[in-house]
Amino acid sequence: MITNAESDLPEVLETDVCIAGGGPAGIVLALELARMGHAVVLAEGGGSDQPGSGQSLYEGEVSGPRSYPLAGSRLRWLGGTTNHWGGWVRPLDPVDFQDKSWFPMPAWPFRSTELEPWYARSNEWCEVPDSDYGVASTGVGDSGSVMALDPETGFKNALFRFSPPTRFGQRYQDALEREENIDCRVNLNLVELEQGEDRVRAAVARTFNGGQCRIRASHFVLATGGLENARILLNQGPVPGNQSGLVGGCFMDHFGFSPGYLMAVGGLDYQRFTHRGADLMPVVVPTGDHVMSRERSNACFTFSEADPDSYLPNEYLANPGIATGTGPDVKRFSATMINEPAPWPESRVVLGDDRDSMGQRRLQIDWHLPASDFKRAIGLAGDFSRAVGQAGAGRFKWVGQQPPDDDHVPGLGYHHMGTTRMSADAAYGVVDPDCRVWDRDNLYMAGSSVFPTAGFANPTLTILALCCRLADHLDERISGGGQ
């Protein structure tokens, strides 16, 4: 059931699991647990179909040398930011789970195989009909629409798939309404965790019209997004999971970089298209071996046909040496990279002095994206330039080979990640491999805030895979009497 907390709010709510945040993570986790027979209170700070006063809670400040656009990247109502999501889905690559000695912090505490069964479930939640992300096995490129790249060159073709996109608040509103085990309260904002020595005893939540209630549960989950998860923790005293000083640290976002132009056969199609009834988009990615041997960050290359270069005569493009056997069919493509950021502890969310209407200190973000991240992207672009020449697939023309200065804001994914990072050791993170806060036995984080590294893929599919996995973990704890 879905209830407006501003018009109907008891003093106390009792449940098995309290989930704060009704975005895709909170909705999927609530429905998974409810279908396992567990009672869930789902507290969403915005309304059921619009943000109302809740959007103002997202206001904050930006400090540090590089600006970061906070406005517009988050929506506070049922369904969260999937209400303006583009629907890009792809699992993380196996190399994203490997420790990289040139990164400042360790990677995931398990291999990619750990999430494989959960990715299948998250594809279903995203309404993606197929979980095959291979180019060869799906038949993409059979007509020569992608470059022929031998993995020995260090690069290969890969795929993004697309959700319709699923607007989780709209798509699963009826399921939330019908589910007897779910008590979904909109316009209800979690503001305080009542803590014991190693557990959360209750949560305090408030409405904008002055209402307040205590939520008592055996387990608590914060699913309020990559920035707000950290802000809620930082507003508590003491701060849960901060034994390493990393609550709010290691903030990451995917960044874009346009290194230059590719001259290649004109039939290439690296744009979104429909293939066998599904929307797909090919990209070029480095192999895992290449990332590790050359000490790169992971990334993908996209290509879009561009106007001819005014400095090059048409006769130049007719040169068959540009791409093997192409002759006059050569075209010019603009190349763009989506890059993996490194997890820098100094890139962080902290609290400012201003307070919001709920009495909580507002966030302040210091986004640290150093030149070394750009240099790895530039190095990978150079590797790609050599690879396409080696494969006879085209020629690459550089545009930018220097890292931008601190005033430059690159293209962004608005993917807020890493601020309550997962780790195998409490010294390097906030949550353990089960997404449980290290020093709180019954407090969990859900969402991209737990990502220790980011890869280049949009985070939604991995967020939901982790939520399905967390649901099974909580089911085992609750059903087995774990408190």
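Refer to the structure above for everything that follows.
What counts and how
Residues numbered from 1 in each chain as written. Predicted model: local features only at pLDDT ≥ 70, side-chain atom pairs only at ≥ 80, totals over all residues. Heavy atoms only, no water. Helix = DSSP H or I, 4+ residues; strand = E, 2+ residues; numbered from the N terminus. Rg over C-alpha atoms; globule rule 2.2 N^0.38 Å. Buried < 20%, exposed > 50% of the residue type's maximum accessible area, 1.4 Å probe, protein only. Contact = heavy atoms within 4.5 Å. Areas by Shrake-Rupley, 256 points an atom, 1.4 Å probe, with all protein chains shown as cover. Salt bridge = Lys/Arg side-chain N within 4 Å of Asp/Glu carboxyl O. Polar contact = N/O pair within 3.5 Å; in protein donor to acceptor, adjacent residues only side chain to side chain. Arc of directions from axis to C-beta. Pairing = 2+ DSSP bridges. Axes fitted to C-alpha atoms, helices over the stretch in contact; angles between N-to-C directions. Phe/Tyr/Trp six-rings, centres within 6.5 Å; stacked < 30°, edge-to-face > 60°. Lys NZ or Arg CZ within 6 Å of the ring centre and 35° of its normal. Core = buried A, V, L, I, M, F, W, Y, C linked by side-chain atoms within 4.5 Å.

**Side note on the overall build of the protein**
- A count of helical and extended segments in the protein gives ten helices and 19 strands.
- Here the C-alpha atoms of the protein give a radius of gyration of 23 Å, agreeing with the 23 Å that 2.2 N^0.38 yields for 483 residues.
- The C-alpha extent of the protein, read off along each of the three principal axes, is 80 × 45 × 40 Å.
- Within the protein, buried positions represent 59% of all 483 residues.
- A fraction of 77% describes how many contacts in the protein between residues 6 or more apart in sequence connect residues 24 or more apart.
- When the accessible surface of the protein is totalled, it reaches about 18,200 Å², and 45% of it is carbon and sulfur.

**Considerations on the pattern of salt bridges**
- Enumeration according to the criterion identifies 22 salt bridges in this entry.
- A salt bridge links Arg185 to Asp183; the nearest nitrogen and oxygen atoms lie 2.8 Å apart. When sorted by exposure, Arg185 lands in the same class as Asp183, which is buried.

**Comments concerning unusual backbone geometry**
- For the peptide bond that leads from Pro164 to Pro165, omega is 10°, which places it in the cis range.
- Within the secondary structure, Pro165 is located in the loop between β6 (155-162) and α4 (168-171).
- With an omega of -5°, the peptide bond between Gly237 and Pro238 qualifies as cis.
- Mapped onto the elements of the fold, Pro238 is located in the loop between α6 (228-234) and β11 (255-265).
- The phi dihedral of Cys250 is positive, around 60°, even though this residue is not glycine.
- Along the chain, the position of Cys250 falls in the loop between α6 and β11.

**Re the side chain of Thr462**
- Looking at the element boundaries, Thr462 is found in helix α10 (residues 460-479).
- Among the polar contacts made by the side chain of Thr462, one reaches the side chain of Tyr119 at a distance of 2.7 Å.
- Each residue touching Thr462, except ones within four places of it in the same chain, is listed here: Pro91, Leu92, Trp108, Leu115, Tyr119 and Phe451.

**Overview of helix α2 (residues 116-125)**
- For α2, the complete set of buried residues consists of Trp118, Tyr119, Ser122, Asn123 and Trp125. The buried residues of α2 all sit within an arc of 155° when viewed along its axis, so they share a single face.
- A positive backbone phi angle near 60° is found at Glu127, which sits one or two residues after α2.

**Observations regarding the pairing of strand β13 (residues 278-286)**
- Across the nine residues that make up β13, a large majority, eight, are buried.
- The pairing of β6 with β13 spans seven bridges and is classified as antiparallel. In the strand pairing of β13, Arg161 is matched with Leu280.
- Once strand β12 (residues 273-275) ends, the chain turns through two residues before running back antiparallel as β13, passing Arg276 with a positive phi of about 55°.

**Here we look at the sheet that holds strand β17 (residues 361-366)**
- With mixed pairing, three strands are arranged side by side in an open sheet as β4-β17-β16. Pairing within the sheet leaves two strands with one partner each, and these edge strands are β4 (61-63) and β16 (348-355). Within this sheet the neighbouring strands show an average axis-to-axis angle of 35°, counted without direction.
- Relative to β17, β16 is paired through five bridges, and the arrangement is antiparallel. In the sheet register, Arg355 faces β17, and the bridge partner there is Arg361.

**A short note on the packing of aromatic side chains**
- Applying the stated criterion across every chain, the model contains 21 aromatic pairs.
- Relative to Tyr172, the ring of Phe168 has its centre 5.5 Å away and its plane inclined at 50°; by these criteria the two rings are tilted.
- Overall, the relative accessible area of 0% leaves Phe168 in the buried class.
- An aromatic cluster of three or more residues is present, and its members are Phe155, Tyr270, Phe301, Phe303, Phe384, Phe396 and Trp398.
- For the cation-ring pair, Lys100 lies above Phe103, with the distance from its terminal atom to the ring centre recorded as 5.4 Å.
- Its guanidinium or amino end placed over the ring of Tyr133, Arg161 lies 5.7 Å from that ring's centre, counting from NZ or CZ.

**Looking at the nonpolar core**
- Counting 88 residues, the largest nonpolar core has Ile19, Trp108, Phe168, Val221 and Leu443 as its most contacted members.
- The element contributing the most residues to this core is α10, with eleven residues.
- Every residue in contact with Ile19, bar those within four places of it in the chain, is listed here: Gly26, Leu29, Ala30, Leu33, Val40, Val41, Leu42, Ala43, Val221 and Ala223.
- Judged by nonpolar contacts, the second largest core, of 37 residues, contains Leu70, Leu227, Leu262 and Ile378.

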